[in-house]
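Examining the three-dimensional arrangement
Listed below, chain by chain, are the residues.
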Amino acid sequence: MSTMTLDQRIMEYAVYGGAVLGGGGGGWIERGLEIGKLALELGEPRLLTVDELNDEDLLVTVALVGAPGAKDKYLKPVHYIRALEMVSQRVQKPIQGLITNENGAETTVNGWFQSAMTGIPVIDNPCNGRAHPTGLMGAMNISELPDYISHQGAVGGKGGRYIEIGVSGVLERSASMVRNASIEAGGMVAVARNPVTVRYAKQHGAPGAIRQAIELGEALLNHRGEAAIDAVVNKLGGRVETTGTVTDFRMETKNGFDVGIVTVDGKFELTFWNEYMTLEKDGERLATFPDLIMTLDTATAKPVVSAAIEKGQRLTVISAPKEHLILSTTMSNVNLLKPIESTIGKPIVSAAV
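Residues numbered from 1 in each chain as written. Predicted model: local features only at pLDDT ≥ 70, side-chain atom pairs only at ≥ 80, totals over all residues. Heavy atoms only, no water.

As recorded by an unreviewed UniProt entry, the protein chain carries the name DUF917 domain-containing protein and is attributed to Paenibacillus vulneris.

In structure tokens:
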């Protein structure tokens, strides 16, 4: 496959399909549509397959870092461009492509605006084909490379909360500084980070996952209600776990993340750390991250992120096994999965790997 022309219809598919692959995280549909529309108004973003570049070409990840539920978050398109400029200055090499950190309602269209403004193409090789909570999960296992220097730029906030930082150093420390910056900025920052070669991204990222999001969005938006949910589940090779009413919902923002529990009909429990981590029925585990667990409005089939859940909502809970997703090598890295357990208080590694 060759370069895909990105238009309004493809953009909507990408946002809605990305929302499903967000698995409860990955940003807000309305914001994704807003950024995607702006990108198309300002220029002509291009989506290339990774095979259209040379193996030694340099890719940079563009991302959002923070808590989608944070009330004081503030991001503008200019923040995305500024973050990219900061990384370009640090690496002092040309950047041949932009990749997103993950799939999600906002994150699937990460890079479109920057592409429209700079002419640098978006490459269909996201760092991960589904959304995930931590920066390290979206770093294609460069955390395992002892000599890798992470270059990052982060920008966000307004007024007295405006912040922009440029960081170079060990990945984990750099990611931690960016996470702290998101808190200082009111909850979220636009980030450009972690230059890698095309060869490395092919091996450790998720080539083809943007097209998977577009195909999912097409299945969702070309049907209505229950038929739309069925079309998505069929496309994913997943299943509908339950349809019911939200009987309990608890969420708190901790260390820049949304963490909580959703209960449906008093017997289905979903835990989330931005994204849904576990699904259980009466204590029996049905799905475990990085399996995809997602909630959709039963009447409209609109994907509902974890931070938007409310008591009394009628939701349909779907799941898809990790084998049917296009995932990064980070999704089988025990060191990266282990922190989920202490955050949500449930075993993950034994079920996930």
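That shown, we press on.
1. Here we look at empty space enclosed by the protein
Inspection of every chain in the model, using the stated rule, returns two cavities of 30 Å³ or more. Of the volumes computed, that of the largest cavity is approximately 190 Å³. Forming the walls of the largest cavity are 19 residues, and the residues nearest its centre are Leu64, Gly66, Glu102, His132 and Asn274. Sorting the residues of the lining of the largest cavity by element identifies strand 3 (58–66) and strand 8 (188–197) as the ones contributing at least two each. If one sorts the elements of the lining of the largest cavity by residue count, strand 3 sits on top with three residues. The residue makeup of the lining of the largest cavity, split by class, is five nonpolar, ten polar and four charged. (1 Å grid on protein atoms, 1.4 Å probe; cavity = no way out; pocket = protein on both sides within 12 Å on 5 of 7 lines; lining within 4 Å. Points joined across faces, edges and corners; volume = space filled by probe spheres on them. Helix = DSSP H or I, 4+ residues; strand = E, 2+ residues; numbered from the N terminus. Nonpolar A, V, L, I, M, F, W, Y, C, P; charged D, E, K, R; others polar.)

2. So, the packing of helix 1 (residues 8–21) against helix 7 (residues 209–221)
Orientation of helix 1 relative to helix 7, taken along the N-to-C sense of each, is 100°, at an axis distance of 6 Å. As far as their axial angle goes, helix 7 and helix 1 are roughly perpendicular. Counted together, Ile10, Glu12, Tyr13, Ala14, Tyr16, Gly17, Gly18, Val20 and Leu21 of helix 1 and Ala209, Gln212, Ala213, Ile214, Leu216, Gly217, Glu218, Leu220 and Leu221 of helix 7 form the full contact between these two elements. (Axes fitted to C-alpha atoms, helices over the stretch in contact; angles between N-to-C directions. Parallel < 35°, antiparallel > 145°, perpendicular 65-115°, else oblique. Contact = heavy atoms within 4.5 Å.)

3. Focus: the packing of aromatic side chains
In this structure the tally under the stated criterion is three aromatic pairs. The interplanar angle of 50° and the centroid separation of 5.0 Å between the aromatic rings of Phe257 and Trp273 together place this pair among those described as tilted. Remark: Trp273 occurs in strand 11 (residues 268–273) and Phe257 occurs in strand 10 (residues 257–264); sequence separation between them is 16 residues. Across this residue pair, the class does not change: Phe257 and Trp273 are buried. Through a chain of ring-to-ring contacts, three or more aromatic side chains come together here, namely Phe249, Phe272 and Tyr276. Taking the ring centre of Phe257 as reference, the NZ or CZ of Arg179 above it sits at 3.8 Å. (Phe/Tyr/Trp six-rings, centres within 6.5 Å; stacked < 30°, edge-to-face > 60°. Buried < 20%, exposed > 50% of the residue type's maximum accessible area, 1.4 Å probe, protein only. Lys NZ or Arg CZ within 6 Å of the ring centre and 35° of its normal.)

4. Focus: the nonpolar core
Among the nonpolar cores identified, the biggest contains 59 residues, and Leu236, Val262 and Ile318 are the most heavily contacted of them. Those residues within four positions of Ile318 in sequence are excluded, and the remaining contacts are Val20, Ile229, Val232, Val233, Leu236, Arg239, Val240, Glu241, Leu292, Ile293, Met294 and Leu296. Ranked by size, the runner-up nonpolar core spans 30 residues in total, among them Leu48, Tyr148, Leu336 and Ile340. (Core = buried A, V, L, I, M, F, W, Y, C linked by side-chain atoms within 4.5 Å.)

5. Here we look at the pattern of salt bridges
Using the criterion set out here, one finds 18 salt bridges in the structure. Taking the shortest distance from any N to any O, the salt bridge between Lys302 and Glu30 comes out at 2.5 Å. Of this pair, Lys302 sits in the loop between strand 14 (292–297) and strand 15 (303–304) while Glu30 is found in helix 2 (residues 29–42), placing the two residues 272 residues apart along the sequence. On the basis of relative accessible area, Lys302 is assigned to the partly exposed category, the value being 31%. Two residues, Glu280 and Arg285, come together in a salt bridge whose shortest N-O distance is 3.0 Å. When salt bridges that share partners are traced, they join Asp51, Asp55, Glu56, Arg199 and Lys202 into one network. (Salt bridge = Lys/Arg side-chain N within 4 Å of Asp/Glu carboxyl O.)

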